[in-house]
Number of protein chains: 2
Amino acid sequence: MNNSPLQASLAYAHDHVESFIEQYKALLRIPSIGADPAYRDDVRRAAEWIVAEMERLGIENAQILETKGQPAVYGDWLHAGRDAPTVLLYAHYDVQPVDPLDLWITPPFAPDLREGKLFARGVIDDKSGVFVHLKAFESVMSANGRLPVNVKFIFEGEEESGSPTMEAFIEAHSALLAADVAVISDGGSSDDTPRMMASVRGIVTAEVNIHGPARDLHSGSFGGVVHNPTHMVGKIVGSLHDDEGRIQIPGFYDEVVPVSDAQQALIKANEANAIAQAREETGLETFWGVPDYTFGERATARPTCDVNGIYGGYQGRGAKTVLPAEAGFKVSMRLVDNQDPTDIAKKFTAFVSSFACDTLQLDVEVLSSSWPAETLISGPIARAVIEAYTTTWGKAPRMERGGGSVPIIGMFQHVLGIPVVSMGLAQGSNAHAPNEFYDLAYFGPNVDTAIHFLFNMAC
Amino acid sequence: MNNSPLQASLAYAHDHVESFIEQYKALLRIPSIGADPAYRDDVRRAAEWIVAEMERLGIENAQILETKGQPAVYGDWLHAGRDAPTVLLYAHYDVQPVDPLDLWITPPFAPDLREGKLFARGVIDDKSGVFVHLKAFESVMSANGRLPVNVKFIFEGEEESGSPTMEAFIEAHSALLAADVAVISDGGSSDDTPRMMASVRGIVTAEVNIHGPARDLHSGSFGGVVHNPTHMVGKIVGSLHDDEGRIQIPGFYDEVVPVSDAQQALIKANEANAIAQAREETGLETFWGVPDYTFGERATARPTCDVNGIYGGYQGRGAKTVLPAEAGFKVSMRLVDNQDPTDIAKKFTAFVSSFACDTLQLDVEVLSSSWPAETLISGPIARAVIEAYTTTWGKAPRMERGGGSVPIIGMFQHVLGIPVVSMGLAQGSNAHAPNEFYDLAYFGPNVDTAIHFLFNMAC
């Protein structure tokens, strides 16, 4: 590797970091909430913004590729030569919903800079992945007129919905997306040490809806004679766990296998930091969970079943003596090796169906699912990432198993048959919560990391 | 009783029925949702509308009387002479909340006449009680310049909130409200036979709020290590009843006494009609409840515990993988003789507190409570009501035990020490639900009934 194209690229990035951040705000202003149909046009507008930016930067074949769901964005630059590797850079431009809106100090789509932090929905999860890769490309291309490796960009618009149509999309475009490695840049770290994901949990999300009377009724007139759907919600949700947190869905744990020694070592190494970080993010001193496992095991190596929303009847202030016509709940189950999301979805559905009765109608809808997966933590590709971080930050990244789910990892692994490595490009907190922010002191270093990675891959 | 003042009064009412209905719409347009602080000014505006109308009609001492909650409206006409009885006419002008708003065919506060039915929130529960009494007064006074009995009007603004401050109010104004009988005109019948309430259940309403982490969390990052408040909602709500509907709050049934033979006879007489009516109002074929009791017993003579609202986390469409910071539920317990609402509130609070743990904060707030009560079903005052209906409708009213709660009944009985009789003045359906309506074919007969009652009381 010749050092001067790298140095020229970094110099360009450093000269432009302020204007990069200004430009980032334009993308953050687009409310691309992929899970909510009310924001359909905004999601597309965000995709179009990215395509236009790609074209401006000289990325070729920049285009929206339709899926059965939200649009994906593709672009490439493939002139590094046959011997150079091809890297597939992945991020997602859709963002989480914003409720409870009243807890945001400033509006989620009006990016606000306070004490060096940029507050906006999606600022670290995961418009950052999209934007930092584009700015790394811009820096290298502007400084050198070429890149040291071939790159393909694929930016998703339905990650926060569980990527329901991406597997079919990747199958349909497997030739276009072919590469030597897929780099997943989703989120990042919440402190001053960069982070690489060593694993993700799989997921099954589902909604249970329970219908009773044809309309909301007076609880005085009909209490005692009409089956109240909220009571069934209580029966089912109350039966999901035993008093110590063990999931009671029959067969739920059947396929779970212990993690490897290498991964178990990562859990142990991160235990103290994980607890400290959890205390800060949650405001809690006392944690919860099945007592047979450590904190780190419960957070990344054991499956979960969490109710994400529970609803029915009157939600306003004060009392309303109604017997609701319907009620329900949403659930996300996090899966670990070797659980099969299709199998878990079936077991959950069977569990809910076991509450069937002739006075209420129970409907279960599986919303999304994905496989658990492990990513590269050693070997030359992982080293290219590790060294990019180490050079930039002066310290090695923390290698962490993750509790969350990134469905695209399993898809790249299973459909494209390529290895996956994780390279987070954001520092901040409150992803999936009010007041999501990016600590801008680390914005420049993340661009540098993405630049270093491209040069490291060319060695 | 001289017949011509009565006939003149009825003639006036018949001549003005169309203009009465037009005028009623003005009152219905005021969104007097007493339970929702956002409608505070509208509640007062409704009270002021009533005072102005009283003054226009020649009702004396018409005024708003402040309570610790929503304003009450008082007025009187006391010139019938010392020997004439004094009747206290009661109704409430506050209305239920309107959600789910999207199920209303026309807006709840834009009264809409379709196929002889007037649709509006509060049109039968219970602006009808207020308005029909005023129009009966207007008819008798306009036709005769005097009334055959002394009347006092007391119209409440917080009945739908459980009348939390009315007991103190009645104590403070016991001399002003002194009367020979209180007439409760709340709601009415849903078919072509008028209805008198023979009993009401008491009520305790409460809200349980459960706090977990300081903010909504990512269910991937924290699932398995942070106690999810919605799971505790499930545990508690799921434990309220056994699988056949028996309430599991320790001691809940301890004070329940069987109803008298006379009241049991009413239950039996109404059983078939009650089931038929319930089928029509609920759209259900199959009912629910503790199998040891009949439908009529479960609906009026047995206590209940219904969740009126259950909440927590994401309520929108699709999935959001959040671990909510808080969750909760609202509950109404209907009480029967000889249950004491204060005792039941304590037992409910103790039951919820038995779920206490060191990973969640549980708060219980009792919102309102009232005693169960029976009303007059025989004797001269009950006969004055029964004959008013019988003369007007050509048939006797159906005497029914009620499943709902009218806290004011117990207050009049216990604080003023006077008997209470029920005289509903509305025909319609969907009280407490979308598309509440008054069947206007029966509006005139209800005014006639109120007129007859005044003359019957003078005999």
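Use the structure listed above.
Residues numbered from 1 in each chain as written. Chains lettered and ligands numbered in written order. Predicted model: local features only at pLDDT ≥ 70, side-chain atom pairs only at ≥ 80, totals over all residues.

Asker: How would you summarise the overall build of chain A if you had to cite specific residues and measurements?
Answerer: The secondary structure content of chain A amounts to 12 helices and 19 strands. Expected size for 459 residues packed as a compact globule is a radius of gyration near 23 Å; at 23 Å, chain A falls within 12% of this value. Principal-axis analysis of the C-alpha atoms gives chain A an extent of 80 × 45 × 45 Å. Across the 459 residues of chain A, 59% fall into the buried class. Counted over contacts in chain A with a minimum sequence separation of 6, partners at least 24 positions apart contribute 80%. (Helix = DSSP H or I, 4+ residues; strand = E, 2+ residues; numbered from the N terminus. Rg over C-alpha atoms; globule rule 2.2 N^0.38 Å. Buried ≥ 20, exposed ≤ 12 C-beta atoms within 10 Å, placed from the backbone. Contact = placed C-beta atoms within 7 Å.)

Asker: Quick rundown of the packing of helix α3 (residues 127-144) of chain A against helix α12 (residues 443-457) of chain A? Include the residues and the values.
Answerer: Residue and element names in this part refer to chain A. Between α3 and α12, the least distance of the axes is 8 Å, while the angle of their chain directions is 60°. Here α3 is positioned oblique relative to α12, judged by the angle of their axes. The crossing of α3 and α12 is right-handed. Counted together, V132, H133, K135, A136, S139 and V140 of α3 and N446, V447, A450, I451 and L454 of α12 form the full contact between these two elements. Of the residues that constitute the contact of α3 with α12, the class distribution is 7 nonpolar, 3 polar and 1 charged. (Axes fitted to C-alpha atoms, helices over the stretch in contact; angles between N-to-C directions. Parallel < 35°, antiparallel > 145°, perpendicular 65-115°, else oblique. Left-handed = near helix turned anticlockwise from the far one by under 90°. Nonpolar A, V, L, I, M, F, W, Y, C, P; charged D, E, K, R; others polar.)

Asker: How would you summarise the sheet that holds strand β6 (residues 150-156) of chain B if you had to cite specific residues and measurements?
Answerer: Residues and elements named next belong to chain B. As summarised here, the arrangement of the 6 strands in space is β1-β2-β6-β3-β7-β17, forming an open sheet in which the pairing is mixed. At either margin of the open sheet sits one strand with a lone partner, and together these are β1 (60-65) and β17 (420-422). If you compare each strand with its neighbour and ignore which way they point, the axes differ by 20° on average. (Pairing = 2+ DSSP bridges.)

Asker: Tell me about the interface of chain B and chain A, and name the residues and values.
Answerer: Counting residues at the interface gives 82 residues for chain B and 82 residues for chain A. The residue inventory of the side of chain B that touches chain A, partitioned by class, reads 30 nonpolar, 38 polar and 14 charged. Pairing of strand β11 (residues 304-313) of chain A with strand β11 (residues 306-313) of chain B involves 5 bridges; the strand directions are antiparallel. Within the sheet, the bridge partner assigned to Y311 of chain A lies in β11 of chain B and is Y311 of chain B.

Asker: Pulling in residues and values, what's your account of the pairing of strand β7 (residues 181-184) of chain A?
Answerer: Residue and element names in this part refer to chain A. Here β7 shows two buried faces, one formed by V181 and V183 and the other by A182 and I184. Relative to β7, strand β3 (residues 86-92) runs parallel, the two sharing 4 bridges. Following the sheet pairing, Y90 is matched in β7 by I184. Taken together, the 3 bridges between β7 and strand β17 (residues 420-422) define a ladder with parallel strand orientation.

Asker: So what about the relation of the copies chain B and chain A? Which residues, and what values?
Answerer: Superposing chain B onto chain A takes a rotation of 180° plus a shift of 0.0 Å along the axis, which leaves an RMSD of 0.0 Å. Overall, the copies show the geometry of a two-fold rotation axis. Of the C-alpha atoms belonging to chain B, the one lying closest to the rotation axis is found on G234 of chain B, 2.0 Å away. By residue overlap, the copies meet face to face through one surface: 100% of the interface positions of chain B are interface positions in chain A. (Least-squares fit on C-alpha atoms with pLDDT ≥ 70 in both.)

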